[in-house]
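Take a look at the letters that make up each chain.
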Amino acid sequence: QKMPPSLPATINIREPRWDQSTFQGRAKHFFMVTDPRNLLLSGATLEEARRVVEDYRAGTVHPGLTEDQLWRAKYIYDSAFHPDTGEKMILVGRMSAQVPMNMTITGCMLTFYRTTPAVLFWQWVNQSFNAIVNYTNRSGDAPITPSQLGTAYVSATTGAVVTALGLKSLTKHLPAIIGRYVPFAAVAAANCINIPLMRQRELKLGIPVTDENGNRLGESTAAAQKAIFQVVVSRIGMAAPAMAIPPVIMNMLEKRAFLKRYPYLNAPLQVGLVGLCLVFATPLCCALFPQKSSMPVSSLEPEVRDQIRKKDPWLETVYFNKGL
């Protein structure tokens, strides 16, 4: 029996499988990265994927390895290990946990928005989850101190709660449907606070910028600002359909006899609707910007620009991992 031909060691698995210059290519990539089924993989499966990927990058091709198996291993590896540090990421902070975690939290935020204690509790749960996600998916390999972590967490949670309670009091005399959008406004405001604060070290010290081949050229705060702005836009976009569409449907359903007869179905229905939105919104909004983002050398801060010009006077564009 003929052995299958050995896989060439020239496939670039440092980059995604699909063309990242197109939205379609990025969407396919993120549908793989955010696949919730990756959470069910055992530690042994993750370690095997790591071994296949690291051996292949080092030039060792496992006998009988096919190209599809290699890409599968790469996506399992990417779903669980940080791209810059190589550390195994906290389970609930992984992108594959986004849909199940967010559908539960968002569904509950939209269901229990009428009382102040419920608003306080679910905004706190949501910001605690966001803090873990932002820390887990930070860009670069620089550590973040416990005090920075604590400051960011407290500030974002306070911001979300103040926004939610402030808007809740303003909407008391407005139609019920408007009250349902208070959680979304609070989440959007909190994202604008939480992400920059969680990643403040990057804003102060910069994130690694590289040339096209991944050679590190220095650290840039201008790149960090661009990365964080893109992540904030993606996160707000990710939350928008899940927090905008279910309230309209639930508002209609609550007027019908069915939900009046079975009120306990309110929360499960809300969570299910949110989940349906998030399955598509999460990868599609992650795909709004390339993961390996870029900017012109001329847009970098002067000292970094000069440092790069000395190394390579003709370099026009630098690249960086924007984080998620």
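Reading the values: rules and limits
- Residues numbered from 1 in each chain as written.
- Predicted model: local features only at pLDDT ≥ 70, side-chain atom pairs only at ≥ 80, totals over all residues.
- Heavy atoms only, no water.
- Helix = DSSP H or I, 4+ residues; strand = E, 2+ residues; numbered from the N terminus.
- Rg over C-alpha atoms; globule rule 2.2 N^0.38 Å.
- Buried < 20%, exposed > 50% of the residue type's maximum accessible area, 1.4 Å probe, protein only.
- Contact = heavy atoms within 4.5 Å.
- Areas by Shrake-Rupley, 256 points an atom, 1.4 Å probe, with all protein chains shown as cover.
- Lys, Arg positive; Asp, Glu negative; His and termini not counted.
- Charge placed at Lys NZ, Arg CZ, Asp CG, Glu CD.
- UniProt positions renumbered as here; feature names shortened; annotations may be inferred.
- Domains from an automatic or database assignment.
- Buried area = accessible area lost by both parts, 1.4 Å probe.
- Salt bridge = Lys/Arg side-chain N within 4 Å of Asp/Glu carboxyl O.
- Polar contact = N/O pair within 3.5 Å; in protein donor to acceptor, adjacent residues only side chain to side chain.
- 1 Å grid on protein atoms, 1.4 Å probe; cavity = no way out; pocket = protein on both sides within 12 Å on 5 of 7 lines; lining within 4 Å.
- Points joined across faces, edges and corners; volume = space filled by probe spheres on them.
- Nonpolar A, V, L, I, M, F, W, Y, C, P; charged D, E, K, R; others polar.

### Section: the overall build of the protein chain
Right, so step 1: If you tally the helices and strands in the protein chain, you get 13 helices and four strands.
Right, so step 2: Over its C-alpha trace the protein chain gives a radius of gyration of 22 Å, about what one expects of a compact globule, namely 20 Å for 324 residues.
Right, so step 3: Across its three principal axes, the protein chain shows a C-alpha extent of roughly 65 × 60 × 35 Å.
Right, so step 4: Across the 324 residues of the protein chain, 47% fall into the buried class.
Right, so step 5: Counted over contacts in the protein chain with a minimum sequence separation of 6, partners at least 24 positions apart contribute 74%.
Right, so step 6: Of the accessible surface of the protein chain, which amounts to about 15,800 Å², a share of 64% is contributed by carbon and sulfur atoms.
Right, so step 7: Taken together, the 34 basic and 23 acidic charged side chains of the protein chain have centroids lying 12 Å from each other.

### Regarding the UniProt feature "transmembrane region" (unreviewed entry) in the protein chain
Right, so step 1: UniProt feature "transmembrane region" (unreviewed entry): in the numbering of this structure it lies at residues 227-249 and 269-289.
Right, so step 2: Regarding residues 227-249, the helix share stands at 100% and the strand share at 0%, and the terminal C-alpha atoms are separated by 35 Å.
Right, so step 3: Summarising residues 269-289: 86% helix, 0% strand, and an end-to-end C-alpha distance of 32 Å.

### Details of the environment of Glu202
Right, so step 1: Within the secondary structure layout, Glu202 lies in helix 9 (residues 200-205).
Right, so step 2: Taking the relative accessible area as the measure of exposure, Glu202 reaches 7% and is therefore buried.
Right, so step 3: The spacing of Glu202 and Arg17 is 185 residues in sequence and 28 Å in space, taken between C-alpha atoms.

### A closer look at the domain arrangement of the protein chain
Right, so step 1: Per the domain assignment, the segments of the protein chain are domain 1 (23-88) and domain 2 (95-279).
Right, so step 2: When each unit is reduced to the centre of its C-alpha atoms, the spacing between domain 1 and domain 2 is 27 Å.
Right, so step 3: Tallying the contact residues gives twelve residues for domain 1 and twelve residues for domain 2.
Right, so step 4: In total, about 850 Å² of surface goes out of reach between domain 1 and domain 2, with carbon and sulfur atoms giving 58% of it.
Right, so step 5: For the interface between domain 1 and domain 2, the tally reads zero salt bridges.
Right, so step 6: The interface formed by domain 1 and domain 2 contains zero residue pairs in polar contact (both at pLDDT 80 or more).

### Observations concerning the side chain of Thr136
Right, so step 1: Positionally, Thr136 belongs in helix 5 (residues 116-136).
Right, so step 2: Separated by 2.5 Å, the side chain of Thr136 and the backbone oxygen of Ile132 make a polar contact.
Right, so step 3: When sequence neighbours within four positions are dropped, the list of residues in contact with Thr136 reads His82, Met89, Ile90, Gly93 and Arg94.

### Concerning the side chain of Gln291
Right, so step 1: Positionally, Gln291 belongs in the loop between helix 12 (266-286) and strand 3 (292-296).
Right, so step 2: Look at Gln291 and you get buried, because its relative accessible area is 17%.
Right, so step 3: Setting aside its immediate chain neighbours within four residues, Gln291 contacts Phe30, Phe320, Asn321, Lys322, Gly323 and Leu324.

### Structural notes on empty space enclosed by the protein
Right, so step 1: The final tally for this structure, using the stated rule, is two cavities of 30 Å³ or more.
Right, so step 2: Size it by volume and the largest cavity reaches roughly 160 Å³.
Right, so step 3: Taken together, 13 residues line the largest cavity, and the ones lying closest to its centre are Asn102, Asn130, Val187, Arg235 and Ala239.
Right, so step 4: Mapped onto the lining of the largest cavity, the elements with two or more residues apiece are helix 4 (98-111), helix 5, helix 8 (182-198) and helix 10 (221-253).
Right, so step 5: Residue contributions to the lining of the largest cavity peak at four residues, all from helix 5.
Right, so step 6: Residue composition of the lining of the largest cavity, by class: six nonpolar, six polar and one charged.

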